[in-house]
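# Descriptive structure summary
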Amino acid sequence: MNRALILVNLTGLIIGISYGLHGPILPIFAKNVIGASYSELGFIGLANFIPYMFIPVFVGILLDRFNNGYLLALGASINSASIYFLSLAQSVPEIMGFRIMTGVAHAFFWPPCESIISKESTEKNRVKNISWFTMFFVLGFMIGPLLGTVFLEGADITYRVLFQITAFILATAIVSALLLSRKSRKIHHERFSMASLKEMKKFPELIILLLFCTSSFGIILSIYPAFLNDKGMTDTDILMLYFAFGVSRVASLALAGKFSRRTSQTLIAATIAVSLGLAISVVADSIIMFGVALVLMGFGFSIFFPLTLEIILSKTRKGISGKMIGAYETIFGIGWAIGPTIGGPITQSFGDQAPYMVFFIVGIGVTVLAVISRKKLEPKRMQRI
């Protein structure tokens, strides 16, 4: 593995730790300390994800024109500041404002990393390298909750101090990103355009699968921790459940190279796993059952990413790969925003189990679509033009 890939994986690990350290706790902080309702938790999630509906496509345009390492360092700086500001928040609107900053920062994290990996990879090892990067991020996301347990239970610190510690950990990613900028190559292929969004129209079935997966993921990130808390899970229980979630994600990503040999079958299995996890969440009444649900969803959410990105990149001209990565991440942002936007009000109106039942039913339909469209869910098995 070359130096650029090592640095990008290190950056992913650091940012993953920071996300895992504060992410599962934020909904609990908002609900129990600030007094947010489930609808307001949905709005907080929407505030976090809505910038990701628009900004990645512009970042994608920048990727082919500017040093990717500098863009990544900018994202890490904004992200660190936004999490530190959470420690000062006193109201739901303030949390929403700071989560908007986080959403903007996230758009300067994934696309530059993906672009660097794509440029440093051959077609043969691209899935493996993207999977390894995602695995390092998820490994960090798995370690983060364990650190959170140590800080909250062992050191007996407050949520606000936890956010401050998280911000300083994330700030160290600025260093690795700046080191990465010395290895990052500028590619100046295409003029400024929005053609990548039109290119994404070639993948309608893939877009539907992505929207289901990411909107479900959005609920699990923004509302599910509060749901677990209402079901009697303690802070430590929730952090341990998200640790199990991380273990599942790491294990599935470690096997992504093998799964890529049967891409369409794996994507069908992923939609089934997510749907089952949502269904189990409706009836779960113990930490074991919630653990099973999160393990299933961890597999589904994680394996979707490298395989769907490979399908798109394998059918895309190399000169516009940066723009296509930006458009791809914009689809993610739309899905992440849909989840909390729908999930919060549904929970508030129909009960805390309702959104998981709704998305389980949607998942059945999406699985049927994946089976029907399985031939279209295979990457192009030849060198890109």
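Residues numbered from 1 in each chain as written. Predicted model: local features only at pLDDT ≥ 70, side-chain atom pairs only at ≥ 80, totals over all residues. Heavy atoms only, no water.

### Some points on the overall build of the protein
- When its secondary structure is counted, the protein shows 19 helices and zero strands.
- Whereas a compact globule of 385 residues would reach a radius of gyration of roughly 21 Å, the protein reaches 19 Å, a difference of no more than 12%.
- A principal-axis box enclosing the C-alpha atoms of the protein has dimensions of 55 × 45 × 35 Å.
- Evaluated residue by residue, the protein yields a buried proportion of 60% over its 385 residues.
- A sequence separation of at least 24 residues applies to 87% of the contacts in the protein between residues at least 6 apart. (Helix = DSSP H or I, 4+ residues; strand = E, 2+ residues; numbered from the N terminus. Rg over C-alpha atoms; globule rule 2.2 N^0.38 Å. Buried < 20%, exposed > 50% of the residue type's maximum accessible area, 1.4 Å probe, protein only. Contact = heavy atoms within 4.5 Å.)

### Comments concerning helix H10 (residues 173-181)
- Along H10, the residues classified as buried are Ala-173, Ser-176, Ala-177, Leu-180 and Ser-181. What you see down the axis of H10 is that its buried residues fit within an arc of 150°, all on one side.
- Against the buried residues of H10 lie helix H1 (3-22), helix H5 (68-86), helix H7 (110-119) and helix H9 (159-171). (Arc of directions from axis to C-beta.)

### Concerning the environment of Ile-100
- Mapped onto the elements, Ile-100 comes out in helix H6 (residues 92-107).
- Residue Ile-100 is classed as partly exposed on the basis of its relative accessible area of 40%.
- It is 16 Å that separates the C-alpha atoms of Ile-100 and His-22, two residues lying 78 residues apart in sequence.

### Considering the pattern of salt bridges
- The tally for this structure, following the rule as stated, stands at two salt bridges.
- We note a salt bridge from Lys-31 to Asp-230, for which the minimum N-O separation is 3.2 Å. Here Asp-230 lies in helix H13 (residues 224-230) and Lys-31 lies in helix H2 (residues 26-34), a separation of 199 residues in the sequence.
- The class of Lys-31 is buried, set by a relative accessible area of 16%.
- Note that Asp-352 is salt-bridged to Lys-231, the shortest N-O span being 4.0 Å. Here Asp-352, found in the loop between helix H18 (321-350) and helix H19 (354-372), pairs with Lys-231, found in the loop between H13 and helix H14 (235-254); they are 121 residues apart in sequence, far enough to count as distant.
- Given the relative accessible area of 29%, Lys-231 is considered partly exposed. (Salt bridge = Lys/Arg side-chain N within 4 Å of Asp/Glu carboxyl O.)

### Observations concerning the confidence of the model for the protein
- Put simply, the protein has an average pLDDT of 84, and 91% of its residues get 70 or more.
- No element of the protein has a lower mean pLDDT than helix H11 (residues 195-200), which averages 60, and none a higher one than H9, which averages 93. (pLDDT = per-residue confidence, 0-100.)

### Some points on the nonpolar core
- One finds Ile-95, Ile-220, Tyr-224, Phe-245, Met-297 and Tyr-356 to be the most contacted residues of the largest nonpolar core, which totals 114 residues.
- If sequence neighbours within four positions are ignored, Ile-220 has contacts with Pro-225, Tyr-242, Phe-245, Leu-294, Met-297, Phe-301 and Tyr-356. (Core = buried A, V, L, I, M, F, W, Y, C linked by side-chain atoms within 4.5 Å.)

### With respect to the packing of aromatic side chains
- Here the structure, examined in full by the defined rule, presents 25 aromatic pairs.
- Ring geometry for Tyr-19 and Phe-137: centres 5.8 Å apart, planes at 80°, overall edge-to-face. Of the two residues, Tyr-19 is situated in helix H1 and Phe-137 in helix H8 (residues 126-154); the sequence distance between them amounts to 118 residues. Each member of the pair, Tyr-19 as well as Phe-137, is classed as buried.
- Ring centres 6.3 Å apart and planes at 70° place the aromatic pair Tyr-84 and Phe-168 in the edge-to-face group. Residue Tyr-84 is located in helix H5, and its partner Phe-168 is located in helix H9; the two are separated by 84 residues in the primary sequence.
- An aromatic cluster is defined as three or more aromatic residues linked by ring pairs; in this entry it consists of Tyr-19, Phe-109, Trp-110, Phe-133, Phe-137, Phe-141, Phe-305 and Tyr-328.
- Lying over the aromatic face of Phe-141, Arg-249 brings its terminal NZ or CZ to 5.8 Å of the ring centre. (Phe/Tyr/Trp six-rings, centres within 6.5 Å; stacked < 30°, edge-to-face > 60°. Lys NZ or Arg CZ within 6 Å of the ring centre and 35° of its normal.)

### Section: the packing of helix H16 (residues 263-283) against helix H17 (residues 287-314)
- Look at H16 against H17: their axes get within 8 Å of each other, and the N-to-C directions meet at 150°. As summarised for this structure, H16 and H17 are arranged roughly antiparallel, according to the angle between their axes. Seen along the crossing, H16 lies across H17 with a hand that is left-handed. (Axes fitted to C-alpha atoms, helices over the stretch in contact; angles between N-to-C directions. Parallel < 35°, antiparallel > 145°, perpendicular 65-115°, else oblique. Left-handed = near helix turned anticlockwise from the far one by under 90°.)

### Considering helix H3 (residues 38-49)
- An ideal rise of 1.5 Å per residue puts 16 Å on twelve residues; H3 measures up with 17 Å between its terminal C-alpha atoms.
- Of all twelve residues in H3, ten are buried, a share of seventy percent or more.
- The complete set of buried residues in H3 reads Tyr-38, Ser-39, Leu-41, Gly-42, Ile-44, Gly-45, Leu-46, Ala-47, Asn-48 and Phe-49. (Expected span 1.5 Å × (residues − 1).)

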